[in-house]
Amino acid sequence: MKKLPALATLAVGILLLSGCSQAATLAACGQIASEAVQVSGAINELSSPTPEAARAALNEVRAVSEKIRGIDGPEEFVTLRDSWTTSIDAFVTEGGKALAGDVSGVDEASNQMRTATDAIVAYCTP
């Protein structure tokens, strides 16, 4: 009989911890959704007819990537977040090269970013 209260306490602790994890995931994913919209909008600006507007879009994407790095969450979320920001950084680098005339890496960087974006969106979609 003495084990029953201990087991009940343990079960309550597990439920509370899993609830905290779910709350952390929801908060992190909510922040990611708004940043993903900003990244998408800025990337669309890269096709701008003026190099200045394209550079401004790259700077905006870079700034959003830094904001995303500051969003914390559970371990799996952090892994996906880091993969996504790494792919965003690679895209920004290749976008800068494209503005200078070297478009050789843009498609691959774009595909990697799309894959990483899809992974974090899938994680955050209930």
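Parameters and conventions
Residues numbered from 1 in each chain as written. Predicted model: local features only at pLDDT ≥ 70, side-chain atom pairs only at ≥ 80, totals over all residues. Heavy atoms only, no water. Helix = DSSP H or I, 4+ residues; strand = E, 2+ residues; numbered from the N terminus. Buried < 20%, exposed > 50% of the residue type's maximum accessible area, 1.4 Å probe, protein only. Contact = heavy atoms within 4.5 Å. Areas by Shrake-Rupley, 256 points an atom, 1.4 Å probe, with all protein chains shown as cover. Disulfide = S-S within 2.5 Å. Salt bridge = Lys/Arg side-chain N within 4 Å of Asp/Glu carboxyl O.

**Q** Got a minute to help me understand the overall build of the protein in this structure?
**A** If you tally the helices and strands in the protein, you get 4 helices and 0 strands. Here the protein holds 126 residues, and the buried ones make up 29% of them. Partitioning the intrachain contacts of the protein with sequence separation of at least 6 by distance along the chain shows that 63% fall at a separation of at least 24. Of the roughly 7800 Å² that the protein leaves accessible, carbon and sulfur atoms contribute 62%.

**Q** I keep staring at the state of the cysteines and nothing clicks. Help me out?
**A** Note on terminology: disulfide describes a covalent bond linking the sulfur atoms of two cysteines. As enumerated under the stated definition, the model contains 1 disulfide in all. Across the disulfide from Cys29 sits Cys124; the S-S distance is 2.0 Å. Between Cys29 and Cys124, the S-S dihedral sits near -75 degrees, and the bridge is therefore left-handed. Remark: Cys124 occurs in helix α4 (residues 106-124) and Cys29 occurs in helix α1 (residues 3-45); sequence separation between them is 95 residues. In this structure Cys29 comes out as buried when scored by relative accessible area, which is 9%.

**Q** So what exactly am I meant to see when it comes to the pattern of salt bridges here?
**A** Where charged atoms of side chains with opposite charge meet at close range, the side chains can pair. Taken as a whole and judged by the stated rule, the model has 4 salt bridges. Among the ionic pairs, Asp89 bridges to Arg69, the shortest N-O distance being 2.2 Å. Here Asp89 is found in helix α3 (residues 75-99), whereas its partner Arg69 is found in helix α2 (residues 51-69), with 20 residues between them in sequence. Look at Asp89 and you get partly exposed, because its relative accessible area is 26%. Assessed through its relative accessible area of 31%, Arg69 is described here as partly exposed. Across the pair Arg81 and Asp82 runs a salt bridge, and its minimum N-O distance is 2.8 Å. Since its relative accessible area comes to 10%, Arg81 is described here as buried. Residue Asp82 is classed as partly exposed on the basis of its relative accessible area, which comes to 34%. Sharing partners across several salt bridges, the network here consists of Glu66, Arg69 and Asp89.

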